Amino acid sequence: MNRQTCQEEDVLDLLAKTPRGTTDILPSASLLWQYIEGQLAEIFRLFGYKEIRTPIFEETELFERGIGEATDIVEKEMYTFADRAGRSLTLRPEGTAPVVRAYLQHKLYGEPQPIKVYYVGPMFRYERPQAGRSRQFHQYGAEALGTQDPATDAEMIAIPMELYRRLGLEELQVELNSIGCPLCRDEYRKYLIEALGPKADELCGDCQRRLSRNPLRVLDCKSESCNAVKVGLKSIHDFLCRECHDHFEQVKAYLDLLQVPYAINPKLVRGFDYYTKTVFEILYHDLGAQSAIAGGGRYDGLVEECGGPATAAVGFAAGMERLILTLEDKGWRPPIADCIDVFVAGSKEARTTVVDTVFRLRALGWSAEMDYSDRSLRAQMKSANRLNATWTVIIGEEELANRQALVRHMADGQQEAVPFDAIHDWLLQQIDNSCQGVKE
Ligand code: HAM
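Residues numbered from 1 in each chain as written. Predicted model: local features only at pLDDT ≥ 70, side-chain atom pairs only at ≥ 80, totals over all residues. Heavy atoms only, no water.

## Quick look at the environment of Ser291
Examined against the element boundaries, Ser291 turns out to sit in the loop between β9 (276-283) and β10 (292-298). Contact partners of Ser291, with chain neighbours within four places excluded, come to Ile282, Leu283, Tyr284 and His285. (Helix = DSSP H or I, 4+ residues; strand = E, 2+ residues; numbered from the N terminus. Contact = heavy atoms within 4.5 Å.)

## Some words on the packing of helix α2 (residues 27-47) against helix α6 (residues 150-166)
Close contact between α2 and α6 brings their axes to 10 Å; oriented N to C, the two are set at 140°. Classed by the angle they form, the pair α2 and α6 counts as oblique. Crossing handedness for the pair α2 and α6: right-handed. Seen from α2, the contacting residues are Ile36, Gln39, Leu40, Glu42, Ile43, Phe44, Leu46 and Phe47; seen from α6, they are Glu155, Ala158, Ile159, Glu162, Leu163 and Arg166. In terms of residue class, the contact of α2 with α6 is built from nine nonpolar, one polar and four charged. (Axes fitted to C-alpha atoms, helices over the stretch in contact; angles between N-to-C directions. Parallel < 35°, antiparallel > 145°, perpendicular 65-115°, else oblique. Left-handed = near helix turned anticlockwise from the far one by under 90°. Nonpolar A, V, L, I, M, F, W, Y, C, P; charged D, E, K, R; others polar.)

## Brief notes about the pairing of β9
Across the eight residues of β9, eight count as buried, placing the element largely inside the fold. Relative to β9, strand β7 (residues 173-178) runs antiparallel, the two being bridged by six bridges. Its bridge partner lying in β9, Val174 is registered against Ile282. The pairing of β9 with β10 spans six bridges and is antiparallel. For Val279, the partnering residue across the bridge sits in β10 and is Gly297. (Buried < 20%, exposed > 50% of the residue type's maximum accessible area, 1.4 Å probe, protein only. Pairing = 2+ DSSP bridges.)

## A word on the pattern of salt bridges
Going through the model one piece at a time under the given rule, you end up with 28 salt bridges. The partner of Glu187 in a salt bridge is Lys190, with the nearest N and O atoms 3.6 Å apart. Note that Glu187 and Lys190 are positioned in helix α7 (residues 182-196) at a spacing of three residues, about one turn of the helix. Using a relative accessible area of 44% as the deciding quantity, one classes Glu187 as partly exposed. Note that Arg375 and Asp371 form a salt bridge whose closest N and O atoms lie 3.2 Å from each other. For Arg375, a relative accessible area of 42% translates into the label partly exposed. (Salt bridge = Lys/Arg side-chain N within 4 Å of Asp/Glu carboxyl O.)

## As for the site of the ligand
Near the ligand, the surroundings consist of 27 residues, among which Glu94, Glu127, Ser134, Glu143 and Tyr275 are the closest. The side chain of Thr96 places a nitrogen or oxygen atom 3.0 Å from a nitrogen atom of the ligand. Interatomic distance of 3.1 Å between a backbone N/O atom of Gly319 and an oxygen atom of the ligand. For the ligand, the protein covers 96% of the area, taking 660 Å² as the surface of the free molecule. Looking at the shell around the ligand, the elements with two or more residues in it are β6 (136-145), β10 and β11 (313-319). (Near = heavy atom within 4 Å. Polar contact = N/O pair within 3.5 Å; in protein donor to acceptor, adjacent residues only side chain to side chain. Areas by Shrake-Rupley, 256 points an atom, 1.4 Å probe, with all protein chains shown as cover.)

## Quick look at the packing of aromatic side chains
This structure, assessed with the given rule, holds 15 aromatic pairs. Taken together, a centroid distance of 5.0 Å and an interplanar angle of 20° make the contact between Phe272 and Tyr274 stacked. Ring plane angle 85° and centroid distance 5.2 Å describe the contact between Trp391 and Trp426, whose orientation is recorded as edge-to-face. Of the two residues, Trp391 is situated in strand β14 (residues 389-395) and Trp426 in helix α17 (residues 423-429); the sequence distance between them amounts to 35 residues. We note that Trp391, like Trp426, is buried. A network of ring pairs unites the aromatic residues Phe272, Tyr274, Tyr275 and Tyr299 as a single cluster. (Phe/Tyr/Trp six-rings, centres within 6.5 Å; stacked < 30°, edge-to-face > 60°.)

This is the structure we're talking about:
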């Protein structure tokens, strides 16, 4: 094989693969996605959230400022590129900063508060791909801007928990913490630098760097060497100011009221600089290393940081792929039937009538399908079975001559002759007249 052919093969090989860390959601999987998205739309409606759709890319500055320059995401995980005019743009690694940008750009702070929005869509992070971690993944999430009410903090946990309840997921852990406001957190930062400073060289490389820039992140490092150094450290809860302490007590009280079980994890910090007060994660431990299926918290300083008025806010986001992995791990089957109402089968001579019948049925609201490759009637009946048709309309030569179709109920094989122009009315009269897409 010459060099050129070899290169050509490499290129063709690449063309037949998604880029590393990305996947296709094939038609066989998208019914499940749509089912979950349908449940979500209903839950968000009940909780009073309306959908927002922001661009897939934003000015890089928004994420640098919003998420924080010293965070893992900004330091090493962003897909940043210059456009043809030389602007630095970044594929969104998360949804909170874009929502804050939209809140400012459209002066939503001038409208009655709070502004409650939700989103579902792809996010991009240059991470090392592994099970449950990809470079393009999908989040659903919500943000409530313009309120400090601890009831909204509880709401952000209650929303994903309601979805999980509907999907029958029970073995989930909610971990909860407060990381205080800039005032009380600063005291804790100083304490951490003092307490950990003398043992800095026993910390892992990442935490040695974090110690001066963002010492709280040392708390949620899982490496063994760091764990040993952290034994006996005071908790953030010893430093919370009265307001942060009371806010946290109220969030816990609301979760108790809603009967959402949770565990306090004083080491939970999360990897964004914007958080204040409440932070939380929802975990499904059987997923292994990537066990967080949702996370969020309050960010009372971010709107101001981005140039807007002082605005309290809180939100969460959850991973769709990790949710689906969890459902698969539990052997969950979606209550969805992949089926159609009617398959119209016909002989070659009846082709025009078949096409006409299919299009008329579709226009009247029936999901209808036909054969596109000149197959025999027998093969067409097989297709009807494969597509899980509730009814098959058969138009052979004899039916064509009589202008009557044979309409067969596929479950029991019962069939009846029905005039062409009466099929719709006849189907309407049947009890089992349509494919039940979602079987509740
Ligand atoms: P996050 O914890 O970075 O928070 O992401 C939320 C969820 O997205 C995670 O719990 C996980 O399920 C999923 N996720 C994150 N990275 C990946 C990945 N590489 N592959 C697959 N799934 C992933 C945020 O993004 C914040 N914006 C949440 C928030 C909203 N806080 C306040 N408002």
